[in-house]
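In case you want the letters, here they are:
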Amino acid sequence: MNKKRLSSEQSLVINALKKDHLTSYQLLKKIKSISLILVLYNILDDLRSMGILKSYMKQDSKFHYIS
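Residues numbered from 1 in each chain as written. Predicted model: local features only at pLDDT ≥ 70, side-chain atom pairs only at ≥ 80, totals over all residues. Heavy atoms only, no water.

Participant: It is not clear to me how the packing of helix 1 (residues 8–17) against helix 3 (residues 37–49) should be interpreted in this structure. Could you clarify?
Facilitator: A pair of packed helices can be characterised by two numbers: the angle between their axes and the separation between those axes. Packing of helix 1 against helix 3 brings their axes to within 10 Å, and their N-to-C directions diverge by 80°. By the angle between their axes, helix 1 is roughly perpendicular relative to helix 3. In this structure, helix 1 contributes E9, Q10, V13 and I14 to the contact, and helix 3 contributes L40, I43, L44, D46 and L47. Classifying every residue of the contact of helix 1 with helix 3 by side-chain character gives six nonpolar, one polar and two charged. (Axes fitted to C-alpha atoms, helices over the stretch in contact; angles between N-to-C directions. Helix = DSSP H or I, 4+ residues; strand = E, 2+ residues; numbered from the N terminus. Parallel < 35°, antiparallel > 145°, perpendicular 65-115°, else oblique. Contact = heavy atoms within 4.5 Å. Nonpolar A, V, L, I, M, F, W, Y, C, P; charged D, E, K, R; others polar.)

Participant: When you look at the packing of aromatic side chains in this model, what are you seeing that I'm missing?
Facilitator: Given two aromatic rings, their pairing is described by the distance between the two centres and the angle made by the two planes. Counted according to the given criterion, the structure contains two aromatic pairs. Summarising the aromatic geometry, the rings of Y56 and F63 are spaced 5.6 Å apart at their centres and angled 15° between planes, so their arrangement reads as stacked. Take Y56: its relative accessible area is 29%, and that puts it in the partly exposed class. Geometrically, the ring pair formed by Y56 and Y65 is tilted, given 5.8 Å between the ring centres and 50° between the ring planes. (Phe/Tyr/Trp six-rings, centres within 6.5 Å; stacked < 30°, edge-to-face > 60°. Buried < 20%, exposed > 50% of the residue type's maximum accessible area, 1.4 Å probe, protein only.)

Participant: Sorry, what's going on with unusual backbone geometry here?
Facilitator: Backbone phi values are negative for most residues with the exception of glycine, while trans is the configuration of most peptide bonds. At Q59, a position not held by glycine, the phi torsion is positive, near 50°. Summarising the element assignment, Q59 is placed in the loop between strand 2 (53–58) and strand 3 (61–66). Its identity as a non-glycine residue notwithstanding, D60 has a phi of 65°, on the positive side. With respect to the helices and strands, D60 occurs in the loop between strand 2 and strand 3. Its relative accessible area of 78% is what places D60 among the exposed residues.

Participant: Can you help me understand helix 1 in this one?
Facilitator: In an α-helix, one full turn covers 3.6 residues, which means residues spaced three or four apart are oriented alike. Taken together, the buried positions of helix 1 are Q10, V13, I14, A16 and L17. The buried residues of helix 1 occupy an angular sector of 165° when projected down its axis, which confines them to one face. Buried positions along helix 1 lie against strand 1 (22–23), helix 2 (24–30), helix 3, strand 2 and strand 3. (Arc of directions from axis to C-beta.)

Participant: I tried to follow the sheet that holds strand 3 on my own but got confused; where do I start?
Facilitator: As a general point, the strands of a sheet are linked pairwise by backbone hydrogen bonds and lie either parallel or antiparallel. One open sheet holds the three strands; their spatial order is 1-3-2, and the pairing between them is antiparallel. Here the strands that pair on one side only, and so sit at the sheet edges, are strand 1 and strand 2. Where strand 1 meets strand 3, two bridges bridge the pair, whose relative direction is antiparallel. By the bridge assignment, T23 is partnered in strand 3 with F63. Contacts from helix 1 reach strand 1, strand 2 and strand 3 within the one sheet, and its direction differs from that of strand 3 by about 100°. Contacting strand 2 and strand 3, helix 3 crosses the sheet at an angle of about 115° to strand 2. (Pairing = 2+ DSSP bridges.)

So this is what it looks like as structure tokens:
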């Protein structure tokens, strides 16, 4: 099995999403070490492509969660 090593930022996002489904803005506010929304979007895209992250729309907001 080929496992990709997670970066520290990816681990922070995963840990933040373990308890709650959050929007990108909520994640950005919760994880102080990630200061740019574009950096967060790249991390979310990477986690989604690894099959770790899922998202859904609710009341015009996109929520992310760990699958």
